[in-house]
Amino acid sequence: QVQLVESGGGLVQAGDSLRLSCAASGRTFSNYAMSWFRQAPGKEREFVAAISWSGGNTEYTTSVKGRFTISRDNAKNTVYLQMNSLKPEDTAVYYCAARGDWRTGYYSHSKNGYDYWGQGTQVTVSS
């Protein structure tokens, strides 16, 4: 089992920055590629960003490219999402998710491609 706990969400104004953290415990963190998803009210949960097991590869959804940066610190069992130039449309509950190294590839756009999920942290961006 892997337990994931997100933190760092909050209420900010458009143009501001936030850094989300996701702390993992349980099994070996470096055995899991990590992703961030988000879910706005009334919408499906959507892929935001992913990082490979060692951190050498990253992937982003188009709408956050150039504004968000995913990173990880395997020594601290933590993955981060630095969010800059936030927009009201970024408002959502943000979830981190772990994808085991037995799966092909380090990310999936489908929420079904992950083995563990955190409880989520709310990000609200006011205009």
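As shown above, the structure is provided for reference.
None of these values were measured; they are calculated from a predicted model.

Calculation rules
- All residue numbers refer to positions counted from 1 along the written sequence of the respective chain.
- Only residues with pLDDT of 70 or above have their local features reported here, since the model is predicted, and side-chain atom pairs are shown and tallied only from 80 upward, although totals for entire chains, interfaces and linings are computed over all residues.
- Heavy atoms throughout the structure, all of them, feed into the side-chain values; hydrogens and water do not.
- Helix and strand labels come from DSSP, where a helix needs a run of H or I of at least four residues and a strand needs a run of E of at least two; each type is numbered from the N terminus.
- Relative accessibility under 20% of the residue-type maximum defines a buried residue, over 50% an exposed one, and the middle range a partly exposed one, all with a 1.4 Å probe and only protein chains included.
- Here the positive residues are Lys and Arg and the negative ones are Asp and Glu; neither His nor the chain ends is included.
- Definition used for salt bridges: Asp or Glu carboxyl oxygen within 4 Å of a side-chain nitrogen of Lys or Arg.
- Any pair of nitrogen or oxygen atoms within 3.5 Å is treated as a polar contact; in protein, a donor-acceptor pairing is required on top of that, and neighbouring residues in sequence qualify only through side-chain atoms on both sides.
- Between two residues, a contact is recorded if the distance between any of their heavy atoms is within 4.5 Å.
- A strand pair is defined by DSSP finding two or more bridges across the two strands.
- Helix axes are fitted to C-alpha atoms over the stretch in contact, other axes to C-alpha atoms as well, and angles between N-to-C directions run from 0 to 180 degrees.
- For our purposes a nonpolar core is just a set of buried Ala, Val, Leu, Ile, Met, Phe, Trp, Tyr and Cys residues, chained together by side-chain atoms within 4.5 Å.

Draft legend 1. Representation of the side chain of arginine 72 in the model. Inspection of the secondary structure puts arginine 72 in strand β7 (residues 68–73). One buried charged side chain, arginine 72, makes no salt bridge at all; its nearest oppositely charged neighbour is aspartate 73, positioned 8.3 Å away. Separated by 2.9 Å, the side chain of arginine 72 and the backbone oxygen of serine 52 make a polar contact. Non-local contacts of arginine 72, meaning those with residues more than four positions away in its chain, are made with Phe29, Ser30, Tyr32, Ala33, Met34, Ile51, Ser52, Trp53, Ser54, Gly55, Thr78 and Val79.

Draft legend 2. Focus on the sheet that holds strand β1 (residues 2–7). Taking strand neighbours across the sheet as the criterion, the four strands line up as β1-β3-β8-β7 in an open arrangement whose pairing is antiparallel. Every other strand in the sheet has two partners, leaving β1 and β7 as the edge strands with one partner each. The mean inter-strand angle of the sheet, taken between neighbouring strand axes irrespective of direction, is 15°.

Draft legend 3. A look at the nonpolar core. Leu4, Met34, Trp36, Leu81, Met83 and Tyr94 are the most contacted members of the largest nonpolar core, which has 29 residues in total. At the level of secondary structure, the elements contributing two or more residues to this core comprise β1, β3 (18–26), β4 (32–39), β5 (46–51), β7, β8 (78–83), β9 (92–100) and β11 (121–126). Apart from the residues lying within four places of it in its own chain, the contact partners of leucine 4 are Cys22, Ala23, Ala24, Met34, Cys96, Ala97, Ala98, Tyr116, Trp117, Gly118 and Gln119. Counting seven residues, the second largest nonpolar core, distinct from the first, contains Ala33, Ala50, Ala97 and Tyr106.

Draft legend 4. View of the environment of lysine 111. Inspection of the secondary structure puts lysine 111 in the loop between β9 and β10 (116–117). Taking the C-alpha atoms as reference points, lysine 111 and alanine 50, separated by 61 residues in sequence, lie 12 Å from one another. If we skip the residues at most four places from it in the chain, lysine 111 touches Phe37, Glu44, Arg45 and Trp117.

Draft legend 5. The pattern of salt bridges, seen in detail. Scanning all chains against the criterion turns up four salt bridges. The closest approach of N and O atoms between glutamate 46 and arginine 38, which form a salt bridge, is 2.6 Å. You can call glutamate 46 partly exposed: its relative accessible area is 35%. Given a relative accessible area of 6%, arginine 38 falls into the buried group. Between aspartate 115 and arginine 103 there is a salt bridge, with the nearest N and O atoms lying 2.8 Å from each other. Of this pair, aspartate 115 sits in the loop between β9 and β10 while arginine 103 sits in the loop between β9 and β10, and the two are twelve residues apart along the sequence. Assessed through its relative accessible area of 24%, aspartate 115 is described here as partly exposed. A relative accessible area of 27% places arginine 103 in the partly exposed class. By sharing partners, the salt bridges in this structure join Arg38, Glu46, Arg67 and Asp90 into a single network.

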